[in-house]
Amino acid sequence: MLLPVVGLGMNSAMDDMSLIQQRHHLVVRELGGEIDLEIGPGDDDPSFAHTPLIGVPPQESSADDHDESKNMAIVSHIPSDDQEILKSLPAKRKKKVVKRWREEWADTYKWAYVDVKEGTTRIFCSICREYGRKHRRNPYGNEGSRNMQMSALEEHNNSLLHKEALRLQLASKDKIVADKPIYVKALMSKSAGSIVEAALKRDPNELEFIQSVQEVIHALERVISKNSGYVNTMERLLEPERTIIFRVPWVDDRGEMHVNRGFRVQFNQTLGPCRGGLRFHPSMNLSIAKFLGFQQTLRTALSPYRLGGASGGSDFDPKGKSDNEIMHFCQSYMDELYRYVGPDKDLPSEEMGVGTREMGFLYGQYRRLAGHSQGSFTGPRLNWSGSSLRTEATGYGLVFFAQLILADMNKELKGLRCVISGSGKIALHVLEKLIAYGALPITVSDSKGYLVDEDGFDFMKLSFLRDIKAQHRTLRDYSKTYARAKYYDEAKPWNERCDVAFPCASQNEIDHSDAISLVNSGCRILVEGGSNMPCTPEAMDVLKGANVLIAPSIAAGTGGVVAGELELKEYNLNWAPEDFESKLQEAMKQTYQRALKAAVEFGFQKESPEALVHGAVISAFLTIASGMSEQGCV
């Protein structure tokens, strides 16, 4: 087992929890001003001034549209019953908090922000980022015992801070939605900074896209400093070649009409026709479509094939819909999209919310409208040509990539504890291949929480998990059959002791506190899987600072691209699983070597936790830039 990292320490969660207690009343007069903390008798802890705040998660911005953003105050709205209790308490004395904590305290208590949830404007609590009575997740991470976590929840929910957030939430139906802040990283190069600045001015509200741009520019700083001509190339690359937004009307089983919004972003076709997924999920928007298309462009450029990148989808939610409703939606979606896709233009593939059923309906309508069946969409087939191992390719490829990293460290997967998020097709195929390699995968997750089996999953348990997912049951049912397994509501698996982590759920699923949990859990390698850009910028900083080696999704996730091209180019072959895996392993090896070679050429140490991240981006960008230079201003 890999040794845990020593470096990023964490005090117990209860130390941080003492910051917010019902008996405490904090008043922040202004940023940088004096802070008075009223403390009851016996509560004066001399070690408080030396207690780090590393356990407190990063805060959203305050969304009050008054001057409270500068002169902010947390008002204690105390019910009469609580006032009687406070009167009965012993007299309190005041303690001045040391000067260096002023800004940290002020940031910690920017306690509310406004956002839209299910079409309704609400005030959210910045501590736990929930509203109303939906506060179930421990806002301080998942450290400590379950009793400690529940104590933290009770303390938070009963705090004056939280009660005030609830009170204002009820009176805030007409509040204006405020923009959430974009985390801007400092760049050493003025040229690199100008690219980010231009992107921010052009698309200031596209958080996910700006985040992905910053990560790429950060990796390309040394490349841009050596050749200033790449500034112009990058500016052209960041503008998609074609963005399609359209209405998708459809009728449900009750005869009621609905409308959703459809997207397809054909980001770049310099190297060849576009490839990229379709995502059906309520959170889908233009920013996510652009960020996914940008990531796919880099991924296909890094693969052994000359291809472009695209992405798209809709804010339609397939959960709870009948087959007939999904068919009507998919046909309406393709009524518009078919004009822009085809074997030599853009072939969509499956992504979140789009599986065998959806791809079948989409392809059937495309064939009907296009009037031919030349080629086919990448993704699982129902009764047309293609490899039967397409769905396994991405998940298997992630494990092959992890094995390559470990081989360079003279280690192997056998016996290593692995945590996985998600329980979709990619996550379960990662689980399958880890079991085959003798690793000890212990977690999977869904939108409600995560499941942990300390004994590890085996092939029989994996089969049971697949049955649960096929029957649309909850992962909680697993723990009813296997008594030693536990399911935790509204929690993530990153606090479980592990050596390797495979995030396979969604973008930004690992935040600052999750990254701290991963480091403290002993994680040494993080393989970005089915979730493109799974870490927030703050989380990336924590992981890099703790020397956790990161395998970027644009490199580790190329398995799906490889399988799709093998299907199209060699579709008459009936692949044996061994032959298919051999070709997939070879493609992943080429991708790994390209990323490492580019990193070393630009001065990154092979052992650096950022080597693969920077090397993958550099190699992909230089390939695209070369093609753009040859083709002129197009």
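Scroll up to find the structure.
Rules used throughout
Residues numbered from 1 in each chain as written. Predicted model: local features only at pLDDT ≥ 70, side-chain atom pairs only at ≥ 80, totals over all residues. Heavy atoms only, no water. Salt bridge = Lys/Arg side-chain N within 4 Å of Asp/Glu carboxyl O. Helix = DSSP H or I, 4+ residues; strand = E, 2+ residues; numbered from the N terminus. Phe/Tyr/Trp six-rings, centres within 6.5 Å; stacked < 30°, edge-to-face > 60°. Buried < 20%, exposed > 50% of the residue type's maximum accessible area, 1.4 Å probe, protein only. Pairing = 2+ DSSP bridges. Axes fitted to C-alpha atoms, helices over the stretch in contact; angles between N-to-C directions. Parallel < 35°, antiparallel > 145°, perpendicular 65-115°, else oblique. Contact = heavy atoms within 4.5 Å. Nonpolar A, V, L, I, M, F, W, Y, C, P; charged D, E, K, R; others polar. Core = buried A, V, L, I, M, F, W, Y, C linked by side-chain atoms within 4.5 Å. Polar contact = N/O pair within 3.5 Å; in protein donor to acceptor, adjacent residues only side chain to side chain.

Asks: I'm lost on the pattern of salt bridges in this one. Help?
Replies: Side chains that differ in sign of charge can pair as their charged atoms come close. Summed over the entire model, instances satisfying the criterion amount to 24 salt bridges. With its nearest N and O atoms 3.2 Å apart, the salt bridge here joins D203 to K290. Placement of the pair is D203 in the loop between α6 (190–202) and α7 (207–219) and K290 in helix α10 (residues 286–302), with a sequence separation of 87 residues.

Asks: I tried to follow the packing of aromatic side chains on my own but got confused; where do I start?
Replies: To describe a pair of aromatic rings, one takes the distance between the centres and the angle between the planes. Taken as a whole and judged by the stated rule, the model has 21 aromatic pairs. Centre to centre, the rings of W250 and F316 are 5.3 Å apart; their planes meet at 90°, and the pair counts as edge-to-face. With W250 in strand β6 (residues 242–251) and F316 in the loop between β9 (308–314) and α11 (323–337), this pair connects stretches of sequence that are 66 residues apart. Overall, F316 belongs to the buried group, its relative accessible area being 1%. Ring centres of F464 and Y478 lie 5.9 Å apart, and the angle between their planes is 35°; on these two criteria the pair is classed as tilted.

Asks: Just to check I follow, could you spell out the pairing of β6 for this structure?
Replies: Taken residue by residue, a regular strand's side chains alternate between the two faces of the sheet. In this sheet, strand β7 (residues 257–268) lies alongside β6 in antiparallel orientation, the contact comprising ten bridges. By the bridge assignment for β7, T243 is matched with V265.

Asks: Looking at this structure, I do not really get the packing of α6 against α7. What am I missing?
Replies: The packing of two helices is summarised by the inter-axis angle and the distance between the axes. Their axes nearest at 10 Å, the elements α6 and α7 cross at an angle of 170°. Here α6 lies roughly antiparallel to α7, going by the angle between them. Contacts between α6 and α7 involve A192, I195, V196, A199 and L200 from the former and I210, V213, Q214 and I217 from the latter. Tallied by class, residues from the contact of α6 with α7 come to eight nonpolar, one polar and no charged.

Asks: For this particular structure, what's the right way to read the nonpolar core?
Replies: Nonpolar side chains in soluble globular proteins tend to end up buried together. Counting residues in hydrophobic clusters, the biggest one holds 99 residues, and the most contacted among them are M234, F294 and F502. A total of ten residues in this core trace back to one element, the largest contributor, which is helix α22 (residues 611–631). Ignoring sequence-local partners within four residues, the contact set of M234 consists of I195, V216, I217, L220, F294 and F621. Ranked by size, the runner-up nonpolar core spans 25 residues in total, among them I442, Y488, A539 and V548.

Asks: Looking at this structure, how should I read the sheet that holds strand β14 (residues 449–452)?
Replies: Two strands in a sheet stick together by hydrogen bonds in their backbones, pointing the same way (parallel) or opposite ways (antiparallel). Sheet architecture is open: three strands sit in the order β13-β14-β15, paired in antiparallel fashion. Of all the strands in the sheet, the pair left with one neighbour each is β13 (443–446) and β15 (486–489). Taking each pair of neighbouring strands and ignoring which way they run, the sheet shows an average axis angle of 20°. Pairing of β13 with β14 involves four bridges; the strand directions are antiparallel. When the sheet's bridge partners are listed, D446 is paired in β14 with G449.

Asks: What is the right way to read the packing of helix α14 (residues 425–436) against helix α15 (residues 459–470) from this model?
Replies: The N-to-C vectors of α14 and α15 enclose an angle of 170°; their axes lie 10 Å apart at closest approach. Taken together, α14 and α15 sit at an angle that is classed as roughly antiparallel. Here L428, H429, L431, E432, I435 and A436 of α14 come into contact with α15, specifically with F459, L462, L465, R466 and K469. Along the lines of polarity and charge, the residues of the contact of α14 with α15 split into seven nonpolar, one polar and three charged.

Asks: What's the story with the sheet that holds β7 in this structure? I'm lost.
Replies: Reading across from one edge, β6-β7-β9-β8-β10 is the order of the five strands in this open sheet, with mixed pairing throughout. The two strands at the open ends of the sheet, each matched to only one other strand, are β6 and β10 (346–350). Recorded for the sheet is a direction-independent mean angle of 20° between the axes of neighbouring strands. The strands that α11 touches are β6, β7, β8 (274–280) and β9; relative to β6, the one it contacts most, it runs at about 145°.

Asks: Teacher, can you tell me more about the side chain of S212 here?
Replies: Tracing the backbone through its elements, the reader meets S212 in helix α7. A distance of 2.7 Å separates a polar atom in the side chain of S212 from the backbone oxygen of F209. Beyond its immediate chain neighbours, meaning those up to four positions away, S212 contacts F291, F294, Q295 and M533.

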